[in-house]
Amino acid sequence: MTDAHAVGEASGSVEIHEGDNLDVLRGFADGAFTLIYLDPPFNTGRTQERAVETARSTTATPQDRVAQQEPDALEEAGGPDLRSYGTAPIVRRGFHGREYERLRGDLRAYGDRFDDYWGFLEPRLLEAWRLLADDGTLYLHLDYREAHYAKVLLDALVGRDRFLNEIIWAYDYGAKSRRRWPTKHDTILVYVKNPERYWFDSQAVDREPYMAPGLVTPEKAARGKLPTDVWWHTIVPTTGREKTGYPTQKPEGILRRIVQASSRPGDRVLDFFAGSGTTGAVASALGRHAVLVDANPEAIAVMRERMPHATVSGSGIRHDS
Ligand SMILES: C[S@@+](CC[C@H](N)C(=O)[O-])C[C@H]1O[C@@H](n2cnc3c(N)ncnc32)[C@H](O)[C@@H]1O
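About the thresholds
- Residues numbered from 1 in each chain as written.
- Predicted model: local features only at pLDDT ≥ 70, side-chain atom pairs only at ≥ 80, totals over all residues.
- UniProt positions renumbered as here; feature names shortened; annotations may be inferred.
- Helix = DSSP H or I, 4+ residues; strand = E, 2+ residues; numbered from the N terminus.
- Expected span 1.5 Å × (residues − 1).
- Bend = angle between axes of the 7 residues up to and from the residue.
- Buried ≥ 20, exposed ≤ 12 C-beta atoms within 10 Å, placed from the backbone.
- Arc of directions from axis to C-beta.
- Contact = placed C-beta atoms within 7 Å.
- Pairing = 2+ DSSP bridges.
- Axes fitted to C-alpha atoms, helices over the stretch in contact; angles between N-to-C directions.

Looking at an unreviewed UniProt entry, the chain carries the name Methyltransferase, with the source organism given as Microbacterium insulae. Database annotation for the chain, UniProt heading Sequence similarities (unreviewed entry): "Belongs to the N(4)/N(6)-methyltransferase family."

Dropping the structure here:
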């Protein structure tokens, strides 16, 4: 049960699809979703291997992260970054043609690592853009190492005028490097399909406490303030109601803000890197209809347990529960 149930909103439906998201997405109609939230795996290998990868984790233990060879964790563990990266030299024209093609080529020169990552993401982002409704919004949750390259490329791919926000999710957890400022944030890039028509309802978002409540009236302090683009929020607590055990699970509080602001009850919400299904659990509890896709059978099992009212389709599904 999510917090949203506590306010008594009717649950929305949840559809879970097991399979490679690129295949599944091709079956959905243009403009079918008001909100798309994506939390892709962080790049740790070649494109083909990523179909079942659950690599990036801000909520994984430092040991998990060392196992996944994340540079911070390696640094925290005192070891070198031993990764090798593959290449996926695909150049495509974005909606903005030449500019995108040129940037894509320029960024490739900076290293294989991002090129390989983007080679995996690009066709999926193009599908996401096709699936987004005219008043729809795309949230792309990224690692700080990828976020700046992705911002530049997405601007060129869909148009800089479609960029709405860069959200910083700041948390404080785990080991801290002594050799630089410990990196304790994720970046969420926000793009809208149509800058004239996108849906955004700041009044629907849960408010947060003022940092200095003594400086505002008691009424304002009691009401709380609107969140800005910097969100201080804990990671998923290691014990408690919300934890599913899926290593890359994101907190419901983060998804709740996104769903409240950028969709209405009855709208369709898509997450095609669904993992433990946080987007679906929150969206359904807030009365939205969620469509979730993941290639990993463990993710499907976690989602089935978390959302027993969901319908499940795709390869390898079990019908025994
Ligand atoms: C970072 S996790 C998402 C975590 C999720 N936001 C949550 O709160 O639990 C990324 C997910 O993408 C899935 N994935 C990776 N490549 C995929 C692909 N090609 N098709 C479908 N799912 C994929 C992985 O199995 C993993 O569960």
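K.L.:
Is there a simple way to think about helix 6 (residues 144-158) in this case?
P.N.:
Residues separated by three or four positions in an α-helix point in the same direction, a consequence of the helix having 3.6 residues per turn. Over its 15 residues, helix 6 runs 21 Å from end to end, which matches the ideal 21 Å to within 8%, given 1.5 Å per residue. In the structure, helix 6 departs most strongly from a straight axis at A150, where the bend amounts to approximately 30°.

K.L.:
What is the right way to read helix 10 (residues 297-306) from this model?
P.N.:
Buried within helix 10 we find A299, I300, V302, M303 and R306. Down the axis of helix 10, the sector holding all buried residues measures 165°, keeping them to one side. Turning to helix 10, the residues buried within the fold contact strand 1 (14-18), helix 9 (278-285), strand 8 (289-294) and strand 9 (311-314).

K.L.:
Just to check I follow, could you spell out the sheet that holds strand 8 for this structure?
P.N.:
Hydrogen bonds between backbone groups are what pair the strands of a sheet, and the pairing can be parallel or antiparallel. A sheet is described by the order of its strands in space; here nine strands give the open sequence 6-4-5-3-2-7-8-1-9, paired in mixed fashion. At either end of the open sheet lies a strand with only one pairing partner, and these are strand 6 (230-232) and strand 9. Ignoring strand direction, the axes of neighbouring strands in this sheet form an average angle of 20°. Bridge count for strand 2 (residues 33-38) against strand 7 (residues 268-271) is two bridges, and the pairing is parallel.

K.L.:
Help me understand the pairing of strand 8 in this model?
P.N.:
Look at any regular strand and the pattern is simple: side chains alternate between the two faces of the sheet. With respect to burial, strand 8 is a largely interior element, six of its six residues being buried. With burial as the criterion, each face of strand 8 is covered, one bearing H289, V291 and V293 and the other bearing A290, L292 and D294. Where strand 1 lies against strand 8, five bridges are found, and the strand directions are parallel. Bridge pairing in strand 8 links I16 to L292.

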